[in-house]
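If you want the building blocks of each chain, they are given just below.
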Amino acid sequence: MNYYAAPMEGLTDRVWRQAHQKWFGPAGNADRYYAPFISPPENRVLIKKKMAELAPAANPGAPVIPQLLAKDGELAAWMIGELRGLGYTEVNLNLGCPSGTVTAKGKGSGMLRDPVKLDAFLAAVFANAEGPISVKTRLGVEKPEEFAAILDIYNRYPICELTIHPRVMRQLYRGQADRAAFAASLPGCRMPVCYNGDVTTAADLHTLEAQYPQLSGIMVGRGLIADPALFREARDGAPAAREELRGYLDDLYHGYSELFGSAGCAVSRMKGHWFYLIHKFEGAEKLEKQLRKVREPWEYEVVVNQIFTLPFRP
Ligand SMILES: Cc1cc2nc3c(=O)[nH]c(=O)nc-3n(C[C@H](O)[C@H](O)[C@H](O)COP(=O)(O)O)c2cc1C
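Residues numbered from 1 in each chain as written. Predicted model: local features only at pLDDT ≥ 70, side-chain atom pairs only at ≥ 80, totals over all residues. Heavy atoms only, no water.

## A few points about the pattern of salt bridges
Okay, so step 1: Tallied over the full model, the rule gives 16 salt bridges.
Okay, so step 2: Residues Asp13 and Arg269 are paired through a salt bridge, measuring 2.6 Å at the closest nitrogen-oxygen approach. Placement of the pair is Asp13 in the loop between β1 (2-5) and α1 (14-24) and Arg269 in helix α12 (residues 263-277), with a sequence separation of 256 residues.
Okay, so step 3: Between Arg179 and Asp204 there is a salt bridge, with the nearest N and O atoms lying 3.0 Å from each other. Of this pair, Arg179 sits in helix α7 (residues 179-185) while Asp204 is found in helix α8 (residues 202-211), placing the two residues 25 residues apart along the sequence.
Okay, so step 4: For Asp204, a relative accessible area of 18% translates into the label buried.
Okay, so step 5: In the salt-bridge network here, residues are joined through shared partners; they are Arg14, Arg17 and Glu53. (Salt bridge = Lys/Arg side-chain N within 4 Å of Asp/Glu carboxyl O. Helix = DSSP H or I, 4+ residues; strand = E, 2+ residues; numbered from the N terminus. Buried < 20%, exposed > 50% of the residue type's maximum accessible area, 1.4 Å probe, protein only.)

Encoded structure:
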């Protein structure tokens, strides 16, 4: 089974992809790292800073799959051409993002509102772009029953892989991924399918593999930030050691400081990682509160040193 790292804006950037492979690879590598979405610029002039995330020289190692957030199919196809020019093969289309600012513009899972527009978007993408194109989707906007009509449209196109996150747009990340609705939709999918949602342990990965051996992959997001050794454990390797986690977090912090040219900006990026990772430490509630408040790099470093004195949950 392929294990994929989910695209997560603000978390799974190029600094993270490198630190993850350095400290938990090769046994714990994701088979593919899906990059957080980029939007194709309407004036068709690439933004240097955004493209730096996808520079092949900054992304050695396991394959990276760029992701596009777009609603204009021809523009998306143009951007796919640009990405192919950089050497990327597969490009992923984001039809799942539930954020209000995205869906209000009819993008992300906002695309699932209108099957006619969705069909026209995919028709324009596939008519104007070459090479493998995958899709990441939710089940619908309001209720999972919408998925039958959405899938009917996906099935018309040569989508190389469909990643299904079985929540609806309105749910954001609330409640649980609807695995029953996912199972019900599987027989109707004419393309390879990847499951995504709420996987946090190696045991859960194995359960899904046993339940759905026909899947082409399982994608993990928050669970992999919370436990960066998750894929290694699922492949019968060791859980994360305290020293590995320390090295990994230090690399992230220094990598972000260099990338942003400011340790202060790195601190706020690190808070995003710690939000999920803090659970590796027992009795960290008080320090977690302090960590949320720190602003200065020295304050951050002091609190992190204190966290690392706590009992560790491998
Ligand atoms: C902070 C954050 C940022 C995300 N950014 C993206 C993104 O750029 N593209 C995307 O397709 N999904 C994005 N997602 C959704 C994840 O890829 C994934 O579908 C979701 O977290 C459910 O999987 P999980 O339960 O394994 O985390 C994001 C989720 C979070 C929490």
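## Considerations on α8
Okay, so step 1: When α8 is considered as a whole, its buried residues turn out to be Ala202, Asp204, Leu205 and Leu208. Considered in projection along α8, the buried side chains sweep an arc of 160 degrees and stay on one side of the axis. What points out from α8, more than 90 degrees from its buried face, is the exposed set Ala203 and Ala210.
Okay, so step 2: In this fold, the buried residues of α8 make contact with β1, α7, β7 (193-196), β8 (217-220) and α10 (230-234). (Arc of directions from axis to C-beta. Contact = heavy atoms within 4.5 Å.)

## Here's the deal with the site of the ligand
Okay, so step 1: Taken together, 18 residues surround the ligand, and among them Pro7, Gln67, Asn196, Asp198 and Arg222 come closest.
Okay, so step 2: Between the ligand and Lys136, the relevant distance is 2.8 Å, taken from an oxygen atom to a side-chain nitrogen or oxygen of the residue.
Okay, so step 3: Burial of the ligand by the protein amounts to 89% of the accessible area it has alone, namely 610 Å².
Okay, so step 4: Considering only residue class, the shell around the ligand consists of eight nonpolar, six polar and four charged. (Near = heavy atom within 4 Å. Polar contact = N/O pair within 3.5 Å; in protein donor to acceptor, adjacent residues only side chain to side chain. Areas by Shrake-Rupley, 256 points an atom, 1.4 Å probe, with all protein chains shown as cover. Nonpolar A, V, L, I, M, F, W, Y, C, P; charged D, E, K, R; others polar.)

## Re the UniProt feature "binding site: FMN" (unreviewed entry) in the protein chain
Okay, so step 1: Here, the residues flagged by UniProt with the feature "binding site: FMN" (unreviewed entry) are Gln67, Lys136, His165, Gly221 and Arg222.
Okay, so step 2: Within the secondary structure, His165 sits in the loop between β6 (162-164) and α7.
Okay, so step 3: Each residue touching His165, except ones within four places of it in the same chain, is listed here: Thr137, Arg138, Leu139, Tyr173, Asn196 and Gly197.
Okay, so step 4: Mapped onto the elements, Arg222 comes out in helix α9 (residues 222-226).
Okay, so step 5: Arg222 gets classed as partly exposed once you look at its relative accessible area, which sits at 28%.
Okay, so step 6: Look past the residues within four positions of Arg222 in its chain and what remains in contact with it is Met8, Arg167, Tyr173, Asp198 and Tyr276. (UniProt positions renumbered as here; feature names shortened; annotations may be inferred.)

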